[in-house]
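# A closer look at the structure
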Amino acid sequence: MSTGSQTPRQVTVNGVTTALAAGSSVADLVATIFGSRSSDGVAVALNGAVVPRSRWAQTPVPDDALVELVTATQGG
Amino acid sequence: MNATNDPATAPLRIGDLELHSRLILGTGGVSNHEVLAGIIEASGTGLVTVAMRRTSAADPSIMDVIRASGVAVLPNTAGCKTARDAVLTAQLAREALGTSLVKLEVIADDTTLLPDPVELLAAAEQLVADGFTVLPYTNDDPVLARRLQVVGCAAVMPLAAPIGTGLGIRNPHALSMIVDEATVPVIVDAGIGAPSHAALAMELGCDAVLLATAVTRADAPVSMARAFRDAVSAGHLAARAGMIERRYLARASTPTAGLIPPAAP
């Protein structure tokens, strides 16, 4: 099976359907969302499981993935 | 008496955390970062809560203010309604903030914001097993407080009244029962409106008070933070200073010896 397809895949990021290049990692996804802005203090869940920052680069984002990007805000 | 031997000034220990203030400050409702820095300083707190929410842009982070203030952070799971969501939120907070502390909230609905005891206990058990230091926001129910301790929570945090109501301690008897049998710190969390409510919680023997709205939505949050600092400190000191028994009839504090006799009519 070819993995070279350039067809963008559909993923859901914070509840919003988003196109993502095939073969993207979690690190690629975060870079897509944040651009040049800092992603310090951001944590990622992929399909209901936390992906540690140390594994963002080697963790692929599968098609139809549910991704949550969260950070601290006022509360409590 | 030196500070380490005086129970009134002994630090509060929760897991590995050592707190010299008995006031834990929530940040919900704070109007801006400058006010946040002001209330942290005025309250004397050593621990403040944050929530975890979706982000797609790095705002000027609330964590910058908290870190600059030199206080520890207590992420919460506010808004979660199931054990599953609360556990994931706690795990995300640990990853984002590098702390294993969690204020565990699992609420039943959006109108009462009361804890769902079944989901709360399940989440607490899972998070303890996952290595978290769990501080559960709980009902003022002595039996649930006991169950939360049995599964390994590091503290129990019974409500005074529903979140944001400012009604004060609705069931002081239940709170006393929780305090009497607790083997972990008891922290009153939610429903505090006035400094006198916080002082009462401490006089009843609670170990700390957690509040947000009472300070953050006050007209003058920094002044109110100072008022709560003093109230918590006063209540804590009083609880350890041996309050007098209540009496039905009056008892003069002034000695009667040497009293000038009543003049003859």
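Up top you'll find the structure we're talking about.
In what follows, the accompanying structure is described. (Residues numbered from 1 in each chain as written. Chains lettered and ligands numbered in written order. Predicted model: local features only at pLDDT ≥ 70, side-chain atom pairs only at ≥ 80, totals over all residues. Heavy atoms only, no water.)

### Points about the overall build of chain B
Condition: Each helix is a run of DSSP H or I of at least 4 residues and each strand a run of E of at least 2, with the numbering of both proceeding from the N terminus. Exposed residues in this analysis have more than 50% of their type's maximum accessible area, buried residues have under 20%, and partly exposed residues fall in between, with area computed by a 1.4 Å probe over protein chains only. Should any heavy atoms of two residues lie within 4.5 Å, those residues are counted as being in contact. Computed with a 1.4 Å probe, the accessible areas rest on the Shrake-Rupley method; for each residue, only the protein chains presented here act as cover. We treat Lys and Arg as the positive residues and Asp and Glu as the negative residues; His and chain ends play no part in the count. Just so you know, the charge point we use is NZ for Lys, CZ for Arg, CG for Asp and CD for Glu.
Per the secondary structure count, chain B includes nine helices and ten strands. When the backbone C-alpha atoms are referred to their principal axes, chain B occupies close to 85 × 40 × 40 Å. Here chain B, with 265 residues, has 49% of them falling under the buried criterion. The long-range share in chain B, meaning contacts at least 24 apart out of those at least 6 apart in sequence, stands at 65%. Of the roughly 12,800 Å² that chain B leaves accessible, carbon and sulfur atoms contribute 53%. Here chain B contributes 19 positive and 26 negative side-chain charges, whose respective centroids are spaced 4 Å apart.

### A few points about the sheet that holds strand S8 (residues 157-158) of chain B
All names here are of chain B. For clarity, the threshold we go by: Any two strands are treated as partners once DSSP identifies two or more bridges connecting them.
Within the open sheet, the three strands sit side by side as S6-S7-S8. Their pairing is parallel. Strands with a single pairing partner mark the edges of an open sheet, and in this sheet they are strand S6 (101-104) and S8. In this sheet, S8 lies alongside strand S7 (residues 133-138) in parallel orientation, the contact comprising two bridges. Residue pairing for S8: Tyr137 is matched across the bridge by Met157.

### Some details on helix H2 (residues 62-69) of chain B
Our working rule: Along the arc lie the directions from the helix axis toward the C-beta atoms. A 3.5 Å cut-off defines polar contacts: any pair of N or O atoms within that distance qualifies, except that in protein one atom must be a possible hydrogen donor and the other a possible acceptor, and neighbouring residues in sequence count only when both atoms are side-chain atoms.
The complete set of buried residues in H2(B) reads B:Ile62, B:Met63, B:Val65 and B:Ile66. Looking straight down H2(B), one finds its buried side chains confined to an arc of 155°; they lie on one side. Exposed side chains of H2(B) directed beyond 90 degrees from the buried face belong to B:Arg67 and B:Ala68. Residues of H2(B) that are buried sit in contact with strand S5 (66-73) of chain A together with helix H1 (33-43), strand S4 (47-54), strand S5 (72-75) and helix H3 (83-97) of chain B. With a side-chain oxygen positioned 2.9 Å from the backbone nitrogen of B:Met63, the residue opening H2(B) is B:Ser61. At the exit of H2(B) stands B:Gly70, carrying a positive phi of roughly 75°.

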